[in-house]
Amino acid sequence: MLPSALIITPGQLTRRAELYHQLAQLTAAGLPILNSLEQISRHPPSSAFRAPLRIIHQEITGGSTFIEAVGRSGRWLPQFDLALLEAGEHSGRLDACFHVLADYYTDRARMARQMISDLAYPVFLFHFAIFILPFADFFSSGNWQLYLLKTIGVVIPFYFAFAAIIYAAQSKHGETWRSLVERLLHPIPLLGSGRRALALGRLAMALDALLNAGVSIVNAWELAAKVSGSPALRRAVLAWKPNVLAGQTPAEALSASGVFPDLFENQYHSGEVSGKL
């Protein structure tokens with residue numbers, strides 16, 4: 001399932017986007033949610049979706065609301081999805097929320113593919129250098145043990161370190177642990193700045209989806225900050241929440257926090273003033 005996966009692949013994100021796309025199409029065409037769920041559960045985009053969809057169908061048949069049924073179907077949906085679906089049910093715009101979620105996961109899959117594409121060439125060069133440079137010594141000496149030590153002996157620790165970083169940065173760990181990892185990665189060239197840019201991109205994408213679904217601005221910011229995966233962004237948003245509830249605009253709170261880039265602050269302020277966030 002997506003929330004518990006060690007690495008979320010573009011394929012997983014695409015299958016989740018397809019699930020919401022099918023739900024959006026069927027409900028927008030006027031098909032009741034029960035019939036939509038039954039139809040998709042027969043041939044879901046992923047076999048992992050079949051059991052939860054059937055549980056939701058059974059719960060609704062038994063008298064539960066859609067969001068209650070989703071809550072009883074297991075922990076297969078992120079909190080972000082649940083918030084959007086709840087907003088859609090309350091506003092009577094479930095089909096619109098399905099469409100927003102489909103676009104959201106399509107964009108996430110595109111971003112993931114782009115990141116993999118951008119990393120492919122540097123990774124290739126790294127492996128090429130590791131295996132080619134010691135080859136001249138191996139060709140002249142024939143000492144394959146030394147060659148393996150200089151190649152596999154370098155690559156395997158690199159793989160372990162990479163896996164450890166991915167595991168350490170996962171959202172299932174506590175806030176304290178993730179904050180520590182974020183602080184450690186912050187000063188590292190490329191990795192630190194890339195991680196910050198990715199977190200900000202996720203926040204902006206989530207904020208757009210939540211606001212389009214009719215979620216209130218305060219709740220949208222709080223959920224988007226959580227989805228970003230950055231404890232620093234989440235702490236900043238939670239810190240300004242009382243001020244926003246007291247009357248301060250999010251743009252003013254955003255500027256006062258000092259956490260967000262100037263470009264992001266300026267764009268958000270322009271959107272807030274024009275009413276086109």
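Our structure's up above, just so we're on the same page.
Being a predicted model, the structure only gives us computed values, none of them experimental.

1. Regarding the overall build of the protein
Within the protein, the regular secondary structure consists of 14 helices and 0 strands. Secondary structure elements of the protein occur, N-terminal to C-terminal, as α-α-α-α-α-α-α-α-α-α-α-α-α-α. Along the longest, intermediate and shortest principal axes, the C-alpha atoms of the protein span 75 × 50 × 30 Å. Within the span of the protein, comprising 277 residues, buried residues form 35% of the whole. The contacts in the protein between residues at least 6 apart in sequence include a share of 52% that link residues at least 24 apart. Counting only carbon and sulfur atoms, one obtains 62% of the accessible surface of the protein, whose full area is about 15,700 Å².

2. Focus: the packing of aromatic side chains
Applying the stated criterion across every chain yields a total of 16 aromatic pairs. Here the aromatic rings of Tyr20 and Phe98 are separated by 6.4 Å at their centres, their planes lie at 25 degrees, and the arrangement is stacked. Taken together, the residues Tyr20 in helix H1 (residues 10-28) and Phe98 in helix H6 (residues 94-132) connect sequence positions 78 residues apart. You can call Tyr20 buried: its relative accessible area is 2%. A network of ring pairs unites the aromatic residues Tyr20, Phe66, Phe98, Tyr104 and Tyr105 as a single cluster.

3. Let's talk about the environment of Gly275
Among the structural elements, Gly275 can be located in the segment after helix H14 (262-274). Look at Gly275 and you get exposed, because its relative accessible area is 65%. Between the alpha carbons of Gly275 and Phe162 there is a distance of 43 Å; along the sequence they are 113 residues apart.

4. Remarks on the layout of surface pockets
Taken as a whole, the second largest pocket encloses approximately 220 Å³ of empty space. Around the second largest pocket, the lining residues are Glu182, Arg183, His186, Arg196, Leu200, Ser230, Ala232, Leu233, Arg235, Val259, Phe260 and Pro261. Its residues assigned to classes, the lining of the second largest pocket shows 6 nonpolar, 2 polar and 4 charged.

The rules behind each value
- Residues numbered from 1 in each chain as written.
- Predicted model: local features only at pLDDT ≥ 70, side-chain atom pairs only at ≥ 80, totals over all residues.
- Heavy atoms only, no water.
- Helix = DSSP H or I, 4+ residues; strand = E, 2+ residues; numbered from the N terminus.
- Buried < 20%, exposed > 50% of the residue type's maximum accessible area, 1.4 Å probe, protein only.
- Contact = heavy atoms within 4.5 Å.
- Areas by Shrake-Rupley, 256 points an atom, 1.4 Å probe, with all protein chains shown as cover.
- Phe/Tyr/Trp six-rings, centres within 6.5 Å; stacked < 30°, edge-to-face > 60°.
- 1 Å grid on protein atoms, 1.4 Å probe; cavity = no way out; pocket = protein on both sides within 12 Å on 5 of 7 lines; lining within 4 Å.
- Points joined across faces, edges and corners; volume = space filled by probe spheres on them.
- Nonpolar A, V, L, I, M, F, W, Y, C, P; charged D, E, K, R; others polar.

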